[in-house]
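Breakdown of the fold
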Amino acid sequence: MHKKLFIPGPTEVREDILQAQAKPMIGHRSKEFSALYEGIVNKIKKVLNTQNHVIVFTSSGTGIMEGAIRNCVYKDVLCCVNGAFSDRWAKIAKACGKNVDEIRVDWGKAIKPEMIEDKLKKKKYDAVTLVHNESSTGVRAPIEEIAEVMKRYPDTYFLVDTVSSLMGDKIEIDKLGIDVCLTSSQKCFALPPGLAVCTVTQRALERTRTIPDRGYYFDFDAMLKRYEKDRQTPTTPAVTLLYAMDKQMDKILAEGMENRYKRHLEMAQYVRDWAKKYFALFPEPGYESVTLTCVDNTRKISVADLNSELGKRGFQISNGYGDLKERTFRIAHMGDLTLDEIKELINNINEILKL
Ligand SMILES: *Cc1c(COP(=O)(O)O)cnc(C)c1O
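How each quantity is defined
Residues numbered from 1 in each chain as written. Predicted model: local features only at pLDDT ≥ 70, side-chain atom pairs only at ≥ 80, totals over all residues. Heavy atoms only, no water. UniProt positions renumbered as here; feature names shortened; annotations may be inferred. Helix = DSSP H or I, 4+ residues; strand = E, 2+ residues; numbered from the N terminus. Pairing = 2+ DSSP bridges. Axes fitted to C-alpha atoms, helices over the stretch in contact; angles between N-to-C directions. Core = buried A, V, L, I, M, F, W, Y, C linked by side-chain atoms within 4.5 Å. Buried < 20%, exposed > 50% of the residue type's maximum accessible area, 1.4 Å probe, protein only. Domains from an automatic or database assignment. Contact = heavy atoms within 4.5 Å. Salt bridge = Lys/Arg side-chain N within 4 Å of Asp/Glu carboxyl O.

**Here we look at the UniProt feature "binding site: substrate" (unreviewed entry) in the protein**
The sites that carry the UniProt feature "binding site: substrate" (unreviewed entry) are, in the present numbering, R330. With respect to the element layout, R330 can be found in strand β15 (residues 328-332).

Dropping the structure here:
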């Protein structure tokens, strides 16, 4: 039996989208491919309401995390760390040989704009990395306030991981001045894993061109030059996944982004209300994610047992991440899930736990 996924990636993929992959192959040097890829890029720009460049990579999101560092950082980068994925970005920057300074707060807490400003006042950084929605803790960063700080330091580029929030939580990329905003296909896009998407500002692209050792596969300039030339990609892309993405973009356009954001908020509100009634929320109050709820396991239930009971009924949620295993559990409400499906899941949890 298929277990419906309420986990922070991969998310549930609808049957028609899965089916869209099962079409005959086309060559990636064909006119059909150019039309497919150009169509996808334009639809993404439209739904995200951005004038920035859009690139689709055949990789997971982590690939672009590394790409963003290599394309935008000469030497010094400030990494905001409050969970597993933001920690990963600091590790990536170190692995790329950059000088990394960190702001670290406890898991479950948010990075505040003042903390960033304090650092930026004292030293000039090429970029700041921020995870908008920490999937390990369910914390949403106060990105609007942080963006205000970033605008006062125009030489410091703003790199934002929105892997588990973009397309589900409204992020005004251009207004916030995000230089690289990146995500993966298997989260709020509700697609299979294997593609990653980013937006890149013109100034970030111009900086990229001045960094000779920016790497090869994730070179933003090479991707965009090829796109300019013939709407293709320098290397072989995952064509079948792009078929699915094209169809999914049409479905997202048909839903309408405001409706999509509203649906996510309604699901979040429902799960938060339930969690507050029977447990507690793990994130610092006021910084709760819109796409996943991290529940503090105050009743000391066995999360593993709950999940195996849920599995028998065709549902799957996530245990806590890393050290938070059994101390928390996570219910993702992202992608194409509906409030009715969330209610069905919660009813089943209530039955199993006799709440
Ligand atoms: C899932 C996730 C990632 C990693 O994405 P991959 O596609 O697995 O590389 C990074 N950041 C956040 C916030 C995530 O939720």
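**Section: the sheet that holds strand β2 (residues 53-57)**
The strand order across the open sheet built from seven strands is β2-β10-β9-β8-β5-β3-β4, with neighbouring strands paired in mixed fashion. If you trace the sheet from one side to the other, it starts and ends with β2 and β4 (99-104), each paired once. Between one strand axis and the next, the sheet turns through 20 degrees on average, direction left out of account. As judged from the five bridges shared by strand β9 (residues 180-184) and strand β10 (residues 196-200), these two strands associate in the antiparallel manner.

**What about the nonpolar core?**
Judged by nonpolar contacts, the single largest core of 91 residues is most densely connected at I116 and M245. Mapping this core onto the domain boundaries places at least three of its residues in each of domain 1 (4-10 + 256-353) and domain 2 (16-254). Residues within four places of M245 in sequence aside, it is in contact with I40, I44, V56, F189, L191, L195 and V197. Among the nonpolar cores identified, the runner-up in size contains 23 residues, and L281, V295, I317 and I349 belong to it.

**Observations concerning the pattern of salt bridges**
For the structure on display, the rule yields 34 salt bridges. In this structure, the salt-bridge partner of E102 is K94, at a minimum N-O distance of 2.8 Å. The salt bridge partner of E255 is R263, with a shortest N-O separation of 2.7 Å. The class of R263 is buried, set by a relative accessible area of 13%. One salt-bridge network, in which partners are shared between bridges, spans D87, K91, K94, E102 and R104.

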